[in-house]
Amino acid sequence: MATVFDQTKGVGRPRHPEKAHRPDQPVARKPAWIRVKVPVSKDYFATREIVARHRLATVCEEAACPNIGECWAHKHATFMILGEICTRACAFCNVATGKPLPPDPDEAERVAFAVKEMGLKHAVITSVDRDDLADGGAGQFAAVIRAICAASPETSIEVLTPDFRGKEGALEVVLEAGPDVFNHNLETVPGLYPTIRPGARYYHSLRLLERAKELRPDVFTKSGIMVGLGETREQIMQVMDDMRCAGVEFITIGQYLQPTRKHAPVAKFYAPEEFEDLARAARAKGFLMVAASPLTRSSHNAGADFEALRRARASSSPS
Ligand code: SF4
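All chains use their own residue numbering, which begins from 1 and follows the written sequence. Per-residue local features are limited, in this predicted model, to residues with pLDDT of at least 70; the limit for side-chain atom pairs, both in listing and counting, is 80 or more; totals at the level of whole chains, interfaces and linings are taken over all residues.

So what about helix H9 (residues 233-245)? Which residues, and what values?
Here H9 spans 19 Å end to end across 13 residues, near enough to the 18 Å set by a 1.5 Å rise per residue. Turning to H9, its buried residues are Val239, Met240, Asp242 and Met243. Mapping the buried residues of H9 onto a view down its axis gives an arc of 160 degrees, with all of them on the same face. Exposed residues on H9 whose side chains face more than 90 degrees from its buried face are Arg233, Glu234, Asp241 and Cys245. Immediately downstream of H9, the backbone of Gly247 shows phi near 85 degrees, a positive value. Strands are runs of DSSP state E lasting at least two residues, helices are runs of H or I lasting at least four, and both sets are numbered from the N terminus onward. Expected helix span is computed as 1.5 Å times (number of residues minus one). Between the buried cut of 20 or more and the exposed cut of 12 or fewer other C-beta atoms within 10 Å of a residue's own C-beta lies the partly exposed class, and all C-beta atoms are placed from the backbone. Here, the arc refers to the directions that run from the helix axis to the C-beta atoms.

Help me get a handle on the site of the ligand, residues and values and all.
A residue counts as near a molecule or strand when its C-beta atom, positioned from the backbone, falls within 6 Å of it. Around the ligand, a shell composed of Val59, Cys60, Cys65, Asn67, Ile68, Cys71, His76, Ala77, Thr78, Arg297, Ser299 and His300 is seen. Only helix H2 (59-62) and helix H3 (68-73) provide two or more residues apiece to the shell around the ligand. Classes in brief: Ala, Val, Leu, Ile, Met, Phe, Trp, Tyr, Cys and Pro nonpolar; Asp, Glu, Lys and Arg charged; the others, Gly included, polar. Split by residue class, the shell around the ligand holds 6 nonpolar, 5 polar and 1 charged.

I'd love a proper account of the environment of Ser299, names of residues and values included.
With respect to the helices and strands, the residue Ser299 is situated in the loop between strand S10 (289-292) and helix H11 (302-316). Given 27 C-beta atoms within 10 Å, Ser299 falls into the buried group. Leave out the neighbours within four places in its chain, and Ser299 touches Thr78, Val124 and Leu160. Residues are defined as contacting one another if the C-beta atoms placed from their backbone atoms lie within 7 Å.

In structure tokens form, the structure reads like this:
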């Protein structure tokens, strides 16, 4: 199991202490269509330097995202606010778990500086789960949105938030700050929540998306799932129907990859044609935008997808 040597997480502390005593799970060999190249480009290292200099965390690194070489070469990174330690312990996620530090009051400004320096047209902000905070971290999301708006008024902003379970008023605080896209991932089918996402509740997450649309119909809503955790096609279809009923406009579907031997094993690698089949089904169900491929992640190509979403909404609105 990987260890980290960063003071914010504790020297030599295991990333996932709650999983340390679990039996090792088999690790399936990745098919050819999943393999990615080691990042080597000049722009990749330039992005890495900016992120490090502003002392920012990214989900690209913390979640060991396979697209990091491609995204960072295009100066696209997803900032992870509220620290690098998550209070939940999902069976699929590589983000370190444990007791986080208090929120950093300067974080919003540092994110805004980095967005400006990178010249981002579209910024994606996510966070760890902060069940320890009274507002679940909603205030920090709002501060970051406002700081980016002030520093880079032309930049569109997408937030990928936790479920704010039990945090009354948190969603309202985030939406009042004015993001352009509200994203909350359902992650998997409801039948797998007890084993894969035990700290969350499927219908709570669904309702969060529905309430976001009720509160701010102008803000795009987006959600995603991973496949390959043991779900059936019927269960995926049900999740799509649930999302559409909740008003979700953009669905992302990607292949689950097992971060370590202590995480849930991959039950199946979906072939690219199976993703095309799922994409066709999603389009038929009325999503404005669909991204489905083995390496689709919720923030992959988020800027270009946001522009496409805007065009899709404009062409579907009655003139
Ligand atoms: S897909 Fe998202 S998380 Fe992965 S590297 Fe790209 S921006 Fe980062």
